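Observations on the three-dimensional arrangement
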Amino acid sequence: FRTKGTPVPTPLASGNSKAETFKFHFNSTRSEVKLNLNGKGIKGLAVYDCLGKTVRKEIPSGNVHTIFVKNLPRGVYYISLTSKHGTIYGQFIKI
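A quick note: this is a predicted structure, and the numbers were derived from the prediction, not measured.

1. Quick look at the overall build of the protein chain
Along the protein chain, the regular secondary structure elements total zero helices and 11 strands. Reading the secondary structure of the protein chain in the N-to-C direction produces β-β-β-β-β-β-β-β-β-β-β. Accessible surface, the protein chain as shown: approximately 5700 Å² in total, 52% of it carbon and sulfur.

This is the structure:
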């Protein structure tokens, strides 16, 4: 993943040891989160607020996907990416 701004590498957690490897760049953003999926076969993604409520679900297509978060309130959000190998998680801060 990559958010607008200067990335700081952060590890992703995975519920499955066969999950695809992605690079997640933790950062804050005002308007969008760009995901570099590198053709890893992502079947879906979801964004959750800090209470675990799903605030967005999307099906990415292509190698790069943008999640527009301008209308979300400020706070910490979590992203889950699901592929045929399992689910991985990351986070970002909406400022």
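There is more to say, and it comes next.
2. Quick notes on the pairing of strand β8 (residues 54-58)
Across four bridges, the pairing between strand β7 (residues 44-48) and β8 is antiparallel. From the neighbouring strand, A46 faces β8, where its bridge partner is K57. Taking the residues that link successive antiparallel strands as the turn, the β7-β8 hairpin has five residues, and the phi of G52 there is positive, at about 90°.

3. Things to note about the pairing of strand β9 (residues 64-68)
Only one face of β9 is covered, namely the face carrying H65 and I67; the face carrying V64, T66 and F68 is uncovered. Across five bridges, the pairing between strand β6 (residues 32-36) and β9 is antiparallel. Within the sheet, the bridge partner assigned to E32 lies in β9 and is F68.

4. Section: the pattern of salt bridges
One pass over the structure, following the stated rule, counts two salt bridges. E32 is the salt-bridge partner of K34, the closest N and O atoms lying 3.7 Å from each other. E58 is paired through a salt bridge with R56; the nearest N and O atoms lie 3.9 Å apart. Look at R56 and you get partly exposed, because its relative accessible area is 22%.

5. Considerations on the nonpolar core
Judged by nonpolar contacts, the single largest core of 14 residues is most densely connected at V33, L35, V47, I67, I79, L81 and F92. Of all the secondary-structure elements, those providing two or more residues to this core are β6, β7, β10 (75-83) and β11 (86-94). Considering each element in turn, this core owes the most residues, three residues, to β10.

6. Quick word on the packing of aromatic side chains
If you walk through the whole model with that rule in mind, you get one aromatic pair. For the pair Y77 and F92, a centre-to-centre distance of 5.5 Å together with 20° between the ring planes defines the contact as stacked. On the criterion of sequence distance, the pair formed by Y77 in strand β10 and F92 in strand β11 is long-range, its members being 15 residues apart. On the basis of relative accessibility, which here comes to 4%, the residue Y77 falls in the buried class. Residue classification places F92 among the buried positions, given a relative accessible area of 0%.

7. Overview of the confidence of the model for the protein chain
For the protein chain, mean pLDDT is 78; residues scoring 70 or higher make up 71% of the total. Element-level mean pLDDT values for the protein chain span from 40 in strand β2 (residues 8-10) up to 96 in β8. Segment residues 1-20: pLDDT under 50, and 61 contacts once partners within four positions in sequence are set aside and those in other chains are kept.

Rules and cut-offs
Residues numbered from 1 in each chain as written. Predicted model: local features only at pLDDT ≥ 70, side-chain atom pairs only at ≥ 80, totals over all residues. Heavy atoms only, no water. Helix = DSSP H or I, 4+ residues; strand = E, 2+ residues; numbered from the N terminus. Areas by Shrake-Rupley, 256 points an atom, 1.4 Å probe, with all protein chains shown as cover. Pairing = 2+ DSSP bridges. Buried < 20%, exposed > 50% of the residue type's maximum accessible area, 1.4 Å probe, protein only. Salt bridge = Lys/Arg side-chain N within 4 Å of Asp/Glu carboxyl O. Core = buried A, V, L, I, M, F, W, Y, C linked by side-chain atoms within 4.5 Å. Phe/Tyr/Trp six-rings, centres within 6.5 Å; stacked < 30°, edge-to-face > 60°. pLDDT = per-residue confidence, 0-100. Contact = heavy atoms within 4.5 Å.

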